[in-house]
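Residue-level listing of the chains:
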Amino acid sequence: VYSLCELRGRVVAGVNNRIEVYVWEDGSASAVGGLAGQLHLERGHHGHILALFVEARGDFILVGDLMKSVSLHRYSADEGTIVDLARDYNSNWVQAIAMLDDDTFLGAESDSNLFVVRKNGGATTDEERQRLEGVAEFHL
């Protein structure tokens, strides 16, 4: 496990080449520290080289991959699915990520530079909507 974050009462984990969504199931017996229960895997999603960083906001999950930059996914609790929404097709070796708002995302890459991408909401085709648009680069 490389990274954990909270998503609407669930836990999102970056585990090797997967992101996984877990839900806490209460148990009936008292365990050490007063917690009784276990984490149950609700959904997994493949498609990464190494999912080092995960961030969540609302139903959205942002993943920072070792070699494949950042990708945006939507989790649907009703359907129990993780859907690919968009990704940055640049080959950034990601060292950190942050969700600046619902549409804009910040990444730091291995050469100590920052990059900002955003959802392409005004796109007219599905192909354009699946691409995170680069809007800024900061060479530090």
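Within each chain, residues carry numbers counting from 1 in the order of the written sequence. Restriction of local features to residues with pLDDT of at least 70 applies here, the model being predicted, together with a cutoff of 80 or more for giving and counting side-chain atom pairs; totals for whole chains, interfaces and linings are based on all residues. Here the side-chain values reflect all heavy atoms present in the structure, with hydrogen atoms and water set aside.

Draft legend 1. Quick peek at the overall build of the protein. Starting at the N terminus, helices and strands are each numbered in turn, a helix being any DSSP run of H or I of at least four residues and a strand any DSSP run of E of at least two. Broken down by element type, the protein carries 1 helix and 12 strands. Reading the protein from its N end, one meets helices and strands in the order β-β-β-β-β-β-β-β-β-β-β-α-β. Overall, the C-alpha framework of the protein stretches about 55 × 35 × 25 Å when taken along its three principal axes. A 1.4 Å probe rolled over the protein chains alone gives each residue an accessible area, and that area as a share of the maximum for its type sets the label: buried under 20%, exposed over 50%, partly exposed in between. Relative to its 140 residues, the protein shows a buried fraction of 38%. Residues are treated as being in contact if the distance between any of their heavy atoms lies within 4.5 Å. In the protein, of all internal contacts separated by at least 6 residues, the share reaching a separation of at least 24 is 41%. Computed by Shrake-Rupley with a 1.4 Å probe, the accessible areas treat only the displayed protein chains as cover when residues are assessed. Counting only carbon and sulfur atoms, one obtains 48% of the accessible surface of the protein, whose full area is about 8,000 Å².

Draft legend 2. View of the sheet that holds strand β11 (residues 114-118). Whether two strands pair comes down to DSSP finding at least two bridges between them. Strand order in the open sheet formed by 4 strands is β9-β10-β11-β12, and the pairing between neighbours is antiparallel. Bordering the open sheet on either side are β9 (94-99) and β12 (133-138), each of which pairs with just one other strand. Averaged over all pairs of adjacent strands, the angle between their axes in this sheet comes to 20°, without regard to strand direction. Where β11 meets β12, 5 bridges bridge the pair, whose relative direction is antiparallel. Its bridge partner lying in β12, L114 is registered against F138. Only C-alpha atoms enter the line fits that serve as axes; for helices the fit covers just the stretch in contact. Angles between N-to-C directions range over 0 to 180 degrees.

Draft legend 3. Geometry of the sheet that holds strand β3 (residues 18-26). Across the sheet, 4 strands lie side by side as β1-β2-β3-β4; this open sheet has antiparallel pairing. Where the open sheet ends on each side, the last strands, each with one partner, are β1 (3-7) and β4 (37-45). Between one strand axis and the next, the sheet turns through 30° on average, direction left out of account. Strand direction decides the pairing type here: β3 and β4, joined by 8 bridges, are antiparallel. Each residue of the ladder has a partner; that of E20, found in β4, is G44.

Draft legend 4. Expanded view of the packing of aromatic side chains. Stacked, edge-to-face and tilted labels apply to pairs of Phe, Tyr and Trp rings (six-membered ring for Trp) whose centres lie within 6.5 Å, assigned for plane angles under 30 degrees, over 60, and everything in between, in that order. Enumeration according to the criterion identifies 0 aromatic pairs in this entry. Should the NZ of a Lys or the CZ of an Arg lie within 6 Å of a ring centre and within 35 degrees of the ring normal, that charge is described as sitting over the ring. One Lys or Arg, R87, reaches over the ring of Y89 and ends 4.4 Å from the middle of that ring. The ring of F60 carries K119 above its face, with NZ or CZ at 4.2 Å from the centroid.

Draft legend 5. Highlighting the pairing of β3. The sheet contact formed by strand β2 (residues 10-15) and β3 spans 5 bridges and is antiparallel. The partner of A13 across the bridge, within β3, is E20. Remark: 2 residues form the turn of the hairpin made by β2 and β3, two consecutive strands paired antiparallel; N16 in that turn has positive phi of roughly 50°.

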